[in-house]
Amino acid sequence: MARSLRQQWFERFIQTAVSRPWQVLLAFALLAAGGMALASRLEFRGSFVELLPQGAREVQDLTRVSEKAGGDGYLVILAKGDTPERLKAYAAELKGRLEALPEVRYVEHSYDVDFFRRHGLLLLPAEKLAGLRQDLEARVRYERQQANPFYIDLGATPPPPGFDEIARKHEPNAPMKEYLANADGSEVYLMLKPSGTAGDLDFARRFVELAMGTGRTLASERFPSVKLEATGNFQNRIEEDAVMKSDLARAGMLSALIAVGLILLATRRIAALAVVGLPVVVGLLMTFGIAWLVIGHLNVVTGFLVAILIGLGIEYGVHLCMRYWEERREKSSRDALAAAVRGTFGGAVTSAVTNAAAFFVLLLAQFHAFNQFGFLAGLGVLLAVLAAYALGPSLLAIAERLRPARPDAAPAPAGASSVPVIAKPAREWKRWPTSVIAALALSVVGFAAFSVVIAPRLGFETDMRKLKGDSPASRLDDHVTAQLGQPLNPAIFLVDDVKQAGQVEEVIAEVKRRNGDDSVFLRTASLNDLVPTDLKRREEELSGIRTLLQGLPASARDDARLKDFERMLEAKPYGLDSLPVEVRRRFEATDGKGTFLLLFPSVSNYDTEDLRRWAAQIDQVVDGAKARGIDMSVLDSNRIAARIFALVRGDGPLILWSAAGVVFFVILLSLRSFKRALLVTGPLFLGMTCLAGGMYLFDVQLNFINAVVLPNLLAIAVDNSIHLFHRYEEEGPGSLGKVVRHTGLAAVVATLSNAAGYGALLVANHQGLRSIGQIALLGVVCTFLGTTVFFPAMLALLERWSGRKAVAAGEGAVVRSLELGVAGASSETPGERKSA
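Residues numbered from 1 in each chain as written. Predicted model: local features only at pLDDT ≥ 70, side-chain atom pairs only at ≥ 80, totals over all residues. Heavy atoms only, no water.

### Re the overall build of the protein chain
Note the threshold: A helix here means a DSSP run of H or I that spans at least four residues, while a strand means a run of E at least two residues long, and both kinds are numbered starting from the N terminus. When a residue's accessible area, from a 1.4 Å probe over protein chains only, is under 20% of the maximum for its type it is buried; when over 50% it is exposed; and in between it is partly exposed. Note on definitions: a residue-residue contact is assigned when non-hydrogen atoms from the two residues lie within 4.5 Å.
When helices and strands are counted, the protein chain shows 28 helices and 10 strands. Counting the 836 residues in the protein chain, one finds 51% classified as buried. Restricting to contacts in the protein chain with at least 6 residues of sequence separation, those with at least 24 account for 84%.

Here you go:
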């Protein structure tokens with residue numbers, strides 16, 4: 001009964017596709033228009049912050065601190081091309097103009113260093129003050145001896161250091177340079193603190209354009225020789241976003257062009273472009289329309305789905321139309337369409353469900369970006385197969401109406417005698433020698449064995465710079481960092497007050513001591529470094545120094561360095577309110593509630609091993625502060641990057657094994673036989689094993705961006721095995737030549753289309769995206785070896801082996817019958833044999 005209902009539904013479907021193709025096309029055109037309207041609202045967010053869920057602690061901390069700090073990071077403007085004096089004058093005037101803009105909180109360029117020089121002794125640690133007092137005491141004693149007319153210097157004791165030498169030894173360093181510039185003054189830097197965040201790209205673009213425009217306007221008015229460049233968090237984000245958008249658009253276009261070329265090359269029919277391409281477009285628009293409804297944006301991982309879904313989507317249309325034109329050589333258009341749909345639909349649905357299931361496995365990942373990728377990719381595959389088989393038959397019917405492949409045979413008139421039709425003899429396919437087929441199969445197995453041996457040598461890419469790629473802003477960032485001697489974007493800790501900042505600094509010192517040589521902390525900076533503390537002990541030392549200098553002979557009081565000491569001794573203790581505003585505001589929250597502690601790393605933080613250590617030691621600081629009752633927040637993009645790496649490494653094995661299990665389970669449900677499921681998936685897993693060898697030979701490494709491809713390769717590659725197996729079962733033993741010639745050709749085209757979808761990313765400038773193309777292309781080729789080279793070879797060997805067994809069994813039966821005949825004949829009498 002169920003079979004009858006399924007047959008009726010199939011007949012109605014074919015009838016609708018043949019009789020009302022334009023209505024079907026109109027319905028899908030409306031769906032595509034709706035999907036386009038929604039998909040056009042999608043925005044692309046290239047920040048790594050978007051790869052974690054908004055509820056993650058790192059993201060919550062970043063949001064909270066950004067609101068308090070008035071932005072995450074700086075825009076750094078470099079001015080050069082004029083004399084040092086004119087560059088300083090230009091920077092001072094530009095600073096005033098920029099700080100008048102509402103988008104700019106403040107600009108750092110010059111500091112009141114003289115304030116800290118005057119108060120230098122108040123900022124020296126008490127231990128250093130004690131050392132200074134001892135050196136001064138020795139010098140004062142020496143000066144008194146020299147001024148004493150009765151003192152005779154026998155030269156036995158060398159004179160103590162002079163005031164100039166003592167000053168060089170003990171003079172406190174200012175916490176910053178007077179100007180942000182390089183050593184010779186040929187470059188000056190202005191660090192702009194914005195009122196928004198780099199994650200808001202609209203604000204970032206507007207802010208950078210406004211700041212650079214203001215700088216260029218001033219240069220054109222009064223400083224025509226000055227040239228400007230920009231770097232920092234904001235400029236880096238803008239350039240990276242532009243590069244990635246350009247790469248994704250170019251990859252999508254290249255993928256589509258390669259797919260068009262493959263379709264035309266394989267089918268030699270213009271109509272195939274519409275039959276294959278239109279369902280893909282409909283599926284893509286519907287997928288990204290739903291993406292806007294559910295997610296609202298794309299990120300660095302989901303952004304390349306356009307190119308990939310193009311490659312995946314066209315394979316269903318390729319199998320359908322190539323089978324249709326194969327059947328059309330001998331059948332009417334309606335019968336050919338029915339045969340094509342019936343012959344490929346089972347394999348297409350199985351492969352699509354397998355693909356989608358493998359993609360949906362990514363929903364198990366802790367990494368938020370993998371969740372989104374798995375959902376959109378699985379949905380896209382299901383919509384692609386739906387569009388291919390709901391719209392494809394109608395498109396084939398329209399193509400037949402516009403340009404028939406061949407005239408359909410006219411029905412025989414009533415009463416006419418039927419003339420037997422001599423069937424066209426089946427084509428004899430070339431039979432390859434068993435030795436050649438066995439050599440093909442063994443070469444794939446041998447390469448897989450090599451891959452198993454070489455797999456432990458493969459590494460995980462740890463250099464962030466290689467993933468982000470090179471850009472003018474990143475190169476300039478390195479240059480400015482080298483000139484200033486410190487990173488432009490330290491980690492920022494938000495605490496309630498200066499007292500808590502001091503406690504956190506103690507925790508940081510403890511963590512630094514605990515980690516020893518493995519520590520990645522360089523130094524800290526807070527308001528505690530700028531305001532004198534422990535005044536009682538300091539005043540004791542300073543009072544002693546004053547007393548010493550009062551007893552200095554008049555002959556020694558003309559020393560310039562001595563006058564500097566006396567001026568510093570006159571400085572009075574001060575509080576936070578007395579600090580220069582350009583220094584104080586760097587550590588104060590915008591709403592006046594809370595203060596910042598800056599932590600500078602001693603490593604580049606481009607290497608993920610350094611990132612791991614950095615994040616782990618920051619976590620130790622957070623835990624230590626919490627143990628003291630301090631609840632602080634941390635703003636640090638490097639900590640977020642380390643969190644991403646940890647999630648990817650943790651998710652990888654689980655996702656890969658889960659995807660393998662899901663693929664096998666879906667195939668098992670489809671084929672309803674463990675032996676046949678193993679027969680279909682075994683070559684796939686063999687091909688995946690070959691990937692390790694390919695990665696080793698072509699020096700390709702895994703990273704947190706391209707790792708998402710691995711579970712997907714399982715689902716993508718199994719399609720070829722499924723289609724070949726379904727066709728082989730349909731045609732029966734002895735049909736491998738025909739199956740490989742037709743379905744195998746379609747599998748090659750589908751594989752090349754998948755390779756085009758991923759391989760188009762090889763033209764990307766962004767190294768992370770390019771690495772996706774590299775590993776996916778290798779994966780597609782390696783799995784092709786398993787599913788489309790090893791699998792048919794294995795079927796051929798099994799078929800010949802079973803055939804030989806059958807022949808051997810048949811020959812044994814003949815021998816046994818002959819033996820029985822001989823035995824019976826020997827028992828006959830001569831008369832009976834003569835009668836016989």
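The structure having been displayed, the exposition proceeds.
### Remarks on the sheet that holds strand β4 (residues 187–194)
For clarity, the cut-off: For two strands to be treated as a pair, DSSP must find at least two bridges joining them. Axis definition: a line fitted to C-alpha atoms, limited for helices to the stretch in contact. Angles are taken between N-to-C directions and run from 0 to 180 degrees.
Taking strand neighbours across the sheet as the criterion, the 4 strands line up as β3-β4-β2-β5 in an open arrangement whose pairing is antiparallel. Two strands bound the open sheet, and with one partner strand each, they are β3 (104–108) and β5 (227–232). Recorded for the sheet is a direction-independent mean angle of 25° between the axes of neighbouring strands. Packed on one face of the sheet, helix α17 (residues 472–484) meets β2 (75–80), β4 and β5 and runs near 90° to β5.

### Focus on the packing of aromatic side chains
What counts, and what does not: Put simply, two rings from Phe, Tyr or Trp (the six-membered ring, in Trp's case) pair if the centres are within 6.5 Å, and we call them stacked under 30 degrees between planes, edge-to-face over 60, tilted for the rest. Working rule: Lys NZ or Arg CZ, within 6 Å of ring centre, within 35 degrees of ring normal, means a charge sits over the ring.
Under the criterion given, the structure shown has 14 aromatic pairs. Taking the centre distance of 5.0 Å and the plane angle of 70° together, the rings of Phe115 and Tyr574 count as edge-to-face. With Phe115 in helix α5 (residues 113–118) and Tyr574 in the loop between α20 (560–569) and α21 (581–584), the pair connects residues that are 459 residues apart, well separated along the chain. Tyr574 sits in the buried class, given a relative accessible area of 11%. The ring of Trp292 is capped by Arg41, whose NZ or CZ atom sits 4.8 Å from the centre of that ring.

### Quick notes on unusual backbone geometry
With glycine set apart, most residues show a phi of negative sign, and most peptide bonds adopt trans. Despite not being glycine, Arg672 has its phi angle at roughly 55°, a positive value. Looking at the element boundaries, Arg672 is found in the loop between α23 (637–671) and α24 (674–697). Looking at Arg672, the relative accessible area reads 76%, which means it is exposed.

### Observations concerning the pairing of β4
Here β4 lies mainly inside the structure; 8 of its 8 residues are buried. The pairing of β2 with β4 spans 6 bridges and is classified as antiparallel. From the neighbouring strand, Leu78 faces β4, where its bridge partner is Tyr189. In this sheet, β4 lies alongside β3 in antiparallel orientation, the contact comprising 4 bridges. If you follow Val107 over to β4, its bridge partner there is Leu192.

### A few points about the confidence of the model for the protein chain
Selection rule: pLDDT expresses how confident the predictor is about each individual residue, on a scale running from 0 to 100.
Within the protein chain, residue pLDDT values average 81, and 87% of them lie at 70 or more. Per-residue pLDDT stays below 50 along residues 414–426; that stretch engages in 0 contacts with residues further than four places along the chain or on separate chains. Low pLDDT, under 50, characterises residues 811–836; the stretch is placed with 2 contacts to residues that sit more than four places away or in other chains.

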